[in-house]
Amino acid sequence: MSNVILVAPLAGWSTPLEEAPDAVFAGRMLGDGLAIDPIGGTLYAPCDGELIAVPASQHAITLRTPDGAEILLHVGIDTVALGGEGFELHVRQGQHVRTGERLLSFDLDLLARRAKSVLTPVILVEGSGFTVTRRNQNRELNVGEFLMELMPVANTVRTADARGAGGVRRAVVAVGEGEACSLNAADAGDASGNSAVEAVGRRMSVFLEHGIHARPAALLAAALKGFTAEVSISARGRQASARSTVGLMTLGVRKGDDIEIRATGPDAVAAVAALEEALLGGRAVEGPEPRPPAQLRTRPAQIHTAADTRADTNVLQGIIASRGLAVGYALQFCRPQIRVPETGAGVSHENSELDRARALVKTRLEQAAAAGSTATREIIAAHLQLLDDPALVGDARTTIASGKSAGYAWRQVIRTSVDALRSLEEGRMAERADDLLDLEAQVLGALDGDGSTAAALEMPAQTILITKELLPSQLIALDAARIAGICMAGGGPTSHVAILAAAMGIPVLVALGPAVLAVPDGAAVVLDAEGGVLRTTPEREQMVLAERELERRLQRRAAEQAAAQRECRTADGIRIEVFANVGSLAEAEAAVRNGAEGCGLLRTEFLFLERLSPPDEAEQAAQYQSIATALAGRPLTIRTLDIGGDKPIPYLPLPHEDNPALGLRGVRTSLWNPDLLRTQLRAVLAVRPDEQARILLPMITDPAEIRTVRGMLDEVRRELGRAVPIELGVMIETPAAAVMADRIAAEADFLSIGTNDLTQYTLAMDRGHPELAARLDALHPAVLRLIARAAEAAHRYGRRIAVCGGLASDPAAAPILIGLGIHELSAVPSVIPQLKALIGGITLQGCRELAHEALEQETADAVRALAVKMLSAPPQAVPAHE
Ligand code: PEP
Ligand code: MG
């Protein structure tokens, strides 16, 4: 191995590491190096290497040189807390980069204002087999100038190091054979060993605010100094040595994750205890500053006993997954542990048992889908697809053929797939892994009996269900009418179960930590899923206040519902149409009950998914007609198929796409397969009365697409001999369409803004990305400016313009949208009564002023603050109606 030269990755003043205002860096707990006080906002590669760790917060990058030296570049101090704000990554984990290649840009001004320091440590990660021999510090550096020289550590030196404070991590790798052997001998329980070997396993949840990033990783590794045990941590389907800071970082552990610690060696028990203490922040770690950083002290040791919990944690903090307020009684819900015999009772018996269990699960899922909402059906569709997955079933049969039981085989194939999916580190794939685990539980439950454990749970009314984690199938099986709220020790806000609960109107808090599992059954609790807290032992007064608030909301809801059928007008008499988004006949019926004045978006995908051939013209026409009839003459806006590479349909083999969100989607797919579109147009034209239906095209990017579809529509009309024209509108959901809205309005009969996609494409944030969910706010001024532009173009051409994306269902957004010139909102049915009541209390002038101010803001948060302020202000003075 040769020496490694590092060049300056940033322009700025280079300074000794001791200057870093952070005990972990200054104390060299992560390794040796120096720090740069940057004068530019771009980070470049200091050497050739592979990027081995890039956290979601993008504030740090670790690369490994071809010889194995690991270099950590940590932009600023405490910048993990920015959660990625101000950083823009130009590379991805696993990529190989060359010296001087651009890695990351950052907003130096923002960091200067918000971070503890902008000083950027450049660290040779301890234990990667090199030592710093020369460094260029206490001077101004340009990018690319010499920074440090690293020299490989000779084996003899490393052996000595390994016994000292700094080098335990590599001890077993670097020591001579004899020492490794003696460990092995002890491992094997050799009577001649000096000490008994212990093997310990421990599962726990991580409550560090930002998960295990660079600094906690260093502190954990430091906590093991002085112990000889081999200690590993497993999480998210991966494993790393607990002594390896880089290894720990690459696990990607986030707050609320469960980890498993395993240790073997003579002091394994003590080593695990030290690690546990460091994780919980109860132990002062070695280093110049004995106090652990604040992050390690979040959630002090409150998780041990119920008594502790009551003493210290009357209020538990969680993450809001479904908003709302509930007062009720705690009921701990434990997932049944299903024991699975390994050995089967004959291949044909086990195969038919597997088939019986799958069939039982399938029937139950189909029943739940038939009775459920769109969200339920979508989640169940994913489960049904997996249940019949030929690879899963085939692998299970192979395992059964080797003599294993059906349950053992099913669990094994599921776990193998889960590990594979999780190793892909992709949010959506991780969701699929959760679906698989849910399916594992359902099939094992069905093998074990009838699997209806969840349904059999006795729940009193007003139950606040408390659980470590809940699977979608378990929630579906429970009596939702008795559940006032759900609290989870773990889980994430964008999980399937959270989406389901939100669709059912059940408030949910997740990531409350293990303390919530100690709340006794029957305890009166207040779940505030608007403030993000669970009150586990509320004072009488708090209970009364919460109950009063609930009562007030119920009464308000009842009043809104009673007034929901009235025509919607602002307080100064301006007509605003409130329509509904619909995805099935059941939802159309719910829309009418809730006062919808029409359907602004019928998502026709429901007819095309989960089947082997497309619905023919007659089937489509019958479905559209039944929805039109349910709407009893109200306008019905039928959107043509919005299918794409991320929602594959077997009879439409779309080409593989690396980035389906930017591929064949919406109208592009329809024009790529014109026969499908032609059939759909014919079916829509069959809806009677003639004037009720309108056609809406998704994902338009230019006027030519509209002209092509209009040409096809005219042809189909001629074929059908229909003289009455039908309105052809388009969705404004690409920035291109918004910017070209004037040209598009010239071609289309009406416009409807899809804020879900418009926001995703404007902010360049995947709408399904769990990490970005909090920042993906359609009230971002950039999105509002596009809406304003589209509205202005529509008015210029005398076209109606609606919003049918999620923003229309957000009451806080209604005044801004109206102020921007939107006079039709198409929302989810359940929110319509509230929207109509809210609109009845505002004036057009007030909305215009608010919209004007909103366009001048810099962030979605600032816009939201303005909207909330307006809605909480006393009612506006209403000028006399004209
Ligand atoms: C939108 O993008 O806002 C929209 C309504 O379409 P969908 O959510 O179906 O993509
Ligand atoms: Mg869309």
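Everything that follows concerns the structure shown earlier in this document.
Being a predicted model, the structure only gives us computed values, none of them experimental. (Residues numbered from 1 in each chain as written. Chains lettered and ligands numbered in written order. Predicted model: local features only at pLDDT ≥ 70, side-chain atom pairs only at ≥ 80, totals over all residues. Heavy atoms only, no water.)

Caption draft 1: Main features of the overall build of the protein chain. Within the protein chain, the regular secondary structure consists of 33 helices and 34 strands. Put simply, the protein chain has 882 residues, and 51% of those count as buried. Put simply, of all contacts in the protein chain between residues at least 6 apart along the chain, 69% involve residues at least 24 apart. Element-wise, carbon and sulfur atoms account for 52% of the exposed surface of the protein chain, whose accessible area totals about 37300 Å². (Helix = DSSP H or I, 4+ residues; strand = E, 2+ residues; numbered from the N terminus. Buried < 20%, exposed > 50% of the residue type's maximum accessible area, 1.4 Å probe, protein only. Contact = heavy atoms within 4.5 Å. Areas by Shrake-Rupley, 256 points an atom, 1.4 Å probe, with all protein chains shown as cover.)

Caption draft 2: Spatial organisation of the site of ligand 1. Residues in contact with ligand 1 amount to 14 residues; listed here are only the nearest, Arg603, Arg639, Gly754, Asn756 and Arg767. The side chain of Glu733 places a nitrogen or oxygen atom 2.9 Å from an oxygen atom of ligand 1. Mapped by element, the contributors of at least two residues to the shell around ligand 1 are strand 28 (599–603) and helix 28 (755–763). (Near = heavy atom within 4 Å. Polar contact = N/O pair within 3.5 Å; in protein donor to acceptor, adjacent residues only side chain to side chain.)

Caption draft 3: Fine view of the pattern of salt bridges. One pass over the structure, following the stated rule, counts 47 salt bridges. The partner of Arg639 in a salt bridge is Asp642, with the nearest N and O atoms 3.5 Å apart. The residues Arg639 and Asp642 share a single accessibility class, namely buried. A salt bridge links Arg722 to Asp690; its shortest N-O distance comes to 3.5 Å. Here Asp690 lies in the loop between helix 24 (674–685) and strand 30 (693–697) and Arg722 lies in the loop between helix 25 (703–720) and strand 31 (728–732), a separation of 32 residues in the sequence. Judged on exposure class, the residue Arg722 and its partner Asp690 are both buried. Look at the salt bridges and you will find they share partners, linking Glu605, Arg639, Asp642, Arg665, Asp757 and Arg767 into a network. (Salt bridge = Lys/Arg side-chain N within 4 Å of Asp/Glu carboxyl O.)

Caption draft 4: Spotlight on the pairing of strand 32 (residues 750–753). The two faces of strand 32 match: Phe750 and Ser752 on one face and Leu751 and Ile753 on the other face are all buried. In the sheet, strand 31 pairs with strand 32 via 4 bridges, with the strands oriented parallel. From the neighbouring strand, Ile732 faces strand 32, where its bridge partner is Ile753. Two elements, strand 32 and strand 33 (residues 800–803), share 4 bridges in a ladder whose sense is parallel. Its bridge partner being in strand 33, Ser752 is matched across the sheet by Ala802. (Pairing = 2+ DSSP bridges.)

Caption draft 5: Broad picture of helix 24. The end-to-end C-alpha separation of helix 24 is 16 Å, in line with the 16 Å expected for 12 residues at 1.5 Å each. The complete set of buried residues in helix 24 reads Leu676, Leu677, Gln680, Leu681, Ala683, Val684 and Leu685. Considering only its buried residues, helix 24 is in contact with helix 21 (605–608), helix 22 (617–630), strand 29 (636–639), helix 23 (667–672), strand 30 and helix 25. (Expected span 1.5 Å × (residues − 1).)

Caption draft 6: Geometry of the packing of helix 20 (residues 585–593) against helix 22. At a closest axis distance of 9 Å, the pairing of helix 20 and helix 22 adopts a crossing angle of 15°. If you check the angle between helix 20 and helix 22, you find them roughly parallel. Relative to helix 22, the crossing made by helix 20 is right-handed. Facing Leu585, Ala588, Glu589 and Val592 of helix 20, the residues of helix 22 in contact are Ser626, Ile627 and Ala630. Split into classes, the residues belonging to the contact of helix 20 with helix 22 amount to 5 nonpolar, 1 polar and 1 charged. (Axes fitted to C-alpha atoms, helices over the stretch in contact; angles between N-to-C directions. Parallel < 35°, antiparallel > 145°, perpendicular 65-115°, else oblique. Left-handed = near helix turned anticlockwise from the far one by under 90°. Nonpolar A, V, L, I, M, F, W, Y, C, P; charged D, E, K, R; others polar.)

Caption draft 7: Summary view of the coordination of the magnesium ion (ligand 2). Those donors, Glu733 (OE) and Asp757 (OD), are the protein atoms that reach the magnesium ion (ligand 2), and they lie 2.1 Å from it. Highlighted residues: Glu733 in the loop between strand 31 and helix 26 (735–739) and Asp757 in helix 28, separated in sequence by 24 residues. Asp757 matches Glu733 in its accessibility class, with the two residues each being buried. (Donors = N, O, S within 2.8 Å, 3.2 Å for Na, K, Ca; no water.)

Caption draft 8: Representation of unusual backbone geometry. Put simply, Arg688 and Pro689 share a cis peptide bond, and its omega is 0°. The residue Pro689 is located in the loop between helix 24 and strand 30 in this model. For Ala632, which is not glycine, the phi dihedral falls at a positive 45°. By secondary structure assignment, the location of Ala632 is in the loop between helix 22 and strand 29. Residues other than glycine seldom take positive phi values, yet Met699 does so here, at roughly 60°. Here Met699 shows up in the loop between strand 30 and helix 25. Taking relative accessible area as the criterion, Met699 reaches 1% and is therefore assigned buried.

Caption draft 9: Seen up close, the packing of helix 19 (residues 540–563) against helix 31 (residues 832–839). Between helix 19 and helix 31, the shortest axis-to-axis distance is 8 Å and the interhelical angle comes to 85°. Relative to helix 31, helix 19 is oriented roughly perpendicular. Facing helix 19, whose interface residues are Arg557, Glu560 and Gln561, helix 31 presents Pro833, Gln834 and Ala837. A per-class count over the contact of helix 19 with helix 31 returns 2 nonpolar, 2 polar and 2 charged.

Caption draft 10: Local environment of the nonpolar core. Core analysis: the largest hydrophobic core is formed by 98 residues, its most contacted members being Ile787 and Ile816. With 9 residues, the single largest contributor to this core is helix 29 (residues 781–796). Not counting the four nearest positions on each side in its chain, Ile787 is found in contact with Ile753, Thr755, Leu758, Leu807, Leu817, Leu820 and Ile822. Core analysis: the second largest hydrophobic core is formed by 46 residues, Leu119, Val125, Leu248 and Ala271 among them. (Core = buried A, V, L, I, M, F, W, Y, C linked by side-chain atoms within 4.5 Å.)

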